[in-house]
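Residue-level structure breakdown
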Amino acid sequence: MGPVMADTTGLIGRTDELARLGALLDAVPAGGSSLLVRGDAGIGKSALVAAAAEDAAARGWRVLRVEGAQGEALLPLAALHRLLLPVLGEVGALPAGERDALLGAFGLAEVSVPEIYRLALAVLNLLTEIAAVSPVVVVVEDTHWLDRSSAAVLAFVARRVAADAVFLLASARPGEDDEPIAEAVAAVLEPAPLDGDAAAALLDRSGGGALDPARRAAVLAAAQGNPLALVELPRALLAGGAWAAGEELPMTDRLERAFADRLGELPEATGTAVLLAALAGDMDAVAARAAAGGDDLAPAVAAGLIERDAAGRVRFRHPLVRSAVARAAPVDRRMAAHAALAAVAGEDPDRRAWHRANATLGADESVAADLQAVARRAQRRGAIADAVSALERAADFSVAGERRTQRLLHAAELAAEIGQVAAIRRVEAAVGALELTGSDRLRLEAVREAVDYDMSSAGERVDQLIELADTAQSGGLDDLARQFLVQAAFRCWIVDFGGAREARVVEAVERVVGDAFDPRGVVARAYAAPLDQAATVLASVSDPELVATADPVGLHLLGHAASCVGEFHVAARLCGAAVDGLRAEGRLTTLTQALRIQAWATLRIGHWDVCATAGTEAVRLTHETRQPLVRADVLSALAALAALRGDLERAAALAADAEALALDTGNHVTLSTIEVGRAFAAAGDGRSGDAFDILIRVFRPGEPVHQRMQAVWATGALTEYAVLSGHDDAARAEVAALEERAAGRALSSGVAISLRHARALLAEPEVAEARFEEALDPALGVWPFDSARIRLSYGAWLRRQRRVVDSRAPLRAARDAFDRLGASGWADRARVELAAAGEDSTRRAPEAWDELTPQEVQVAQMVAQGLSNKEIGQRLYVSHRTIASHLYRMFPKLGVTSRAQIARAVAERERA
């Protein structure tokens, strides 16, 4: 296919690039992909993309195409609407919720979408439904000029087409690596400049033969292998254009000037029509001519500046022509063109508002109001980034200072929701010169705090937040007051500021929140003083009425509170419920945070399959929701899991990635959990002394990896490593300190089992057996890994007491539990102890279940719940054909042939 494509395109010097595109197209029917063609203006991106699109059309495939346009870069979902317009009649194949989200996004239904991801899933499923009939190629050119919401949706799609006959082919200029599609695509193709022979051949084919040798050499030298330059510069040179003056210009400027020179040759009326088309974005040729008074575009077509497609729509021959037209026009002509376009915008209020804005100088409240309405509509569609842009621009046109302030603050608050730090910094600069009321200043402080990821600052910020909470409450801003206190408490969770500051936060929570049924108050207590407030937090998270009335966000907060105090079973249950609700609402930002807590809670209680699936999904979603702190935290959980399962290479790599993110922000919690995972790796590898040396740093307040609750939960592990490596005295000191802190307080099950494990390991011989039995008390709940470690220690102690026969039962139980979990290093230790007790034990053979990926495990669990492929796809925000692909790979791995058999396999594993 590649050579055929190369032979028929007429492109010179692009054999390798065409072959690669051909190979990707060949693979589409078996599974989709995504590719970004990236290069300088004129390097041939559009030609390569066009060749691939023509090839796909010749195969009988569906080709959907859109170009980013500067005139639409601020119009919410404009590019997506143009892309999908040919297939909107096929939305009937979608589930009702997705269909409504898609139609609502384009103003065809009255639907509110909290975040853009429900729409993104609808677009993905629409494309996969179409691809079930015929493969689909989605061409997206000039992604750097897409509106932000369209770019986010298409990036979502690019990450999820591997199982579907969908190929997303995009193009962009260099330097746009932070653009969502550039981050999401599976591969990048960067066309190189043409070599000497190819450049000469293209120059000759494009009219260079009319040049004398000196000027021909000048063109070749100036073009530097850029195909568009080789075509356009000879024209400019022959016409005596500006390029002939010999200025040293960047290639893009040089080419734009070549096009601009040609504009001067057009009749004035045609020039006006071309300018209208350049500024119109998707305004078709009829509308452009109407706005210009019906003037003919034929001279521009003859000049090679524009083309008309079969539907009569204007298409510029190259994106640089559009930008050249816009840049060459004087300001007054551009403003007049925008005014004309606003007048013919018809029933498109967003387009009309932006053209009015571009046609207006100075303050104009009616323009500001129109842009504020754009923001409201964008927010309702989930296009938050575009709402932010509209509000910022509305502030520029605001007549009254108060209205300007309110619009800017609203923009900042929306930007904080999606982690758009740059927008918040712009707002901060803009409001710096304005007079702010007390409530305005409080709102600005709340926004700043929401995106302040640097946790390395001194505890004075905690005191400031308490003062801000008191001020907000006195002004009747109760929600803002509670928000400040949650943030103050969260800083105490991340960095140990000492008991006095913790107490001040708790006192403020009691004073400001009071309501025991507010999840924000519960989580603030847990963040600030997890040991001191454990009794109150445990009562709250176990209250059936509070749990029953909490929404998914509230359940997530309660789950995090339970996790902070160490009641991990409750945390796993609450976060599981939160995850289900957040999936249904399409709130992927908070869903990602809930998955993080679910991953850590299930790691602690030994539900490692759930940890792997929740963590893997969370990492994937953090890229889309742009949450670096959450990503670091989840990576550290997955690193610890890999260490526990003996995959030391993967554990080290994940820990390094997490550490790089955590060091940037001074996040002590993540730095601490990374060390816990590294200690697991050393201990599982039989290096108890190294494990002790790593873990003891978590207990030392001066260390950057210190975090008080991570130390509490690791007390049993530290003692285990200490006893095995001769550091008993250091362990005794840490256990004594914890005993003093815990005295008289209600302890969560996580704290209790860690402390009881340590007590048993350090107990005198006459009471040790009783201490081990206390540590294995079933009232503490089911803790497969911790209980197995205690049984391993218990069996080893019994053997050392010459009670060899008695030692075998706990050692066998430990071995079997470690085998079920896949904790290979600990299982080997149990076998060594069993051998010393006179009992041989063969290594566990890998099970079929071990061959499943985390996402396949997740799919299997949902199949066991009786969910269909479409229902699973909706929950996991992938296409239902992706789910079918997972099942296709799972059947032979598990040795099954039906969904019912998968359900039985899941049930058997859960019973084991």
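From a predicted model like this one, the values you see are computed outputs, not experimental measurements. (Residues numbered from 1 in each chain as written. Predicted model: local features only at pLDDT ≥ 70, side-chain atom pairs only at ≥ 80, totals over all residues. Heavy atoms only, no water.)

1. Let's talk about unusual backbone geometry
Note the following rule: Under the scheme used here, helices are H or I runs from DSSP no shorter than 4 residues and strands are E runs no shorter than 2 residues, and both carry numbers assigned from the N terminus. Working definition: with a 1.4 Å probe on protein chains only, accessible area under 20% of the residue-type maximum means buried, over 50% means exposed, and in between means partly exposed.
Backbone geometry at L77 places phi at a positive 65 degrees, although glycine is not the residue there. Phi at R626 takes a positive value of approximately 55 degrees, unusual for a residue other than glycine. Position of R626 relative to the elements: it lies in the loop between α33 (608-625) and α34 (628-644). Its relative accessible area of 38% is what places R626 among the partly exposed residues.

2. Overview of the pattern of salt bridges
Here is the rule we go by: We count a salt bridge whenever a side-chain nitrogen from Lys or Arg sits within 4 Å of a carboxyl oxygen from Asp or Glu.
For the structure shown, the criterion picks out 66 salt bridges. Measuring nitrogen to oxygen at the nearest pair gives 3.5 Å for the salt bridge that ties E856 to R889. Residue E856 is located in helix α46 (residues 854-864), and its partner R889 is located in helix α48 (residues 880-894); the two are separated by 33 residues in the primary sequence. Classification of R889 as partly exposed rests on a relative accessible area of 37%.

3. Side note on the sheet that holds strand β5 (residues 187-189)
Selection criterion: One requirement defines pairing of two strands: DSSP has to find at least two bridges between them. Lines fitted to C-alpha atoms define the axes, with helix axes restricted to the stretch in contact, and inter-axis angles between N-to-C directions lie between 0 and 180 degrees. In what follows, a contact means two residues having at least one pair of non-hydrogen atoms within 4.5 Å.
Spatial ordering of the open sheet is given by β2-β3-β4-β1-β5, a layout of five strands whose pairing is parallel. The open sheet has two edge strands with one neighbour each: β2 (62-67) and β5. The sheet shows a mean angle of 20 degrees between the axes of neighbouring strands, taken without regard to direction. Pairing geometry for strand β1 (residues 33-38) and strand β4 (residues 166-172), over six bridges, is parallel. Directly across from S34, in β4, lies its bridge partner L168. Along the sheet, helix α6 (residues 117-131) makes contact with β2, β3 (136-141) and β4, crossing β3 at roughly 135 degrees.

4. Section: the packing of aromatic side chains
In plain terms, the rule: Pairing of aromatic side chains requires ring centres within 6.5 Å, counting the rings of Phe and Tyr and the six-membered ring of Trp. Pairs whose planes differ by under 30 degrees are stacked, by over 60 edge-to-face, and all others tilted. Whether a charge lies above a ring is judged from NZ of Lys or CZ of Arg, which has to be within 6 Å of the ring centre and within 35 degrees of the ring normal.
According to the stated counting rule, one finds twelve aromatic pairs in the structure shown. Seen in terms of ring centroids, F785 and F818 are 5.9 Å apart; in terms of plane orientation they differ by 65 degrees. Their pairing is edge-to-face. In this pair, F785 sits in helix α43 (residues 784-800) while F818 sits in helix α44 (residues 804-821), placing the two residues 33 residues apart along the sequence. Grouping aromatic residues by their ring pairs yields a cluster made of W608, F680, F785, F818 and W826. Over the ring of F156 we find R160; its NZ or CZ atom is 3.6 Å from the centre of that ring.

So yeah, pure geometry; function would need other evidence.
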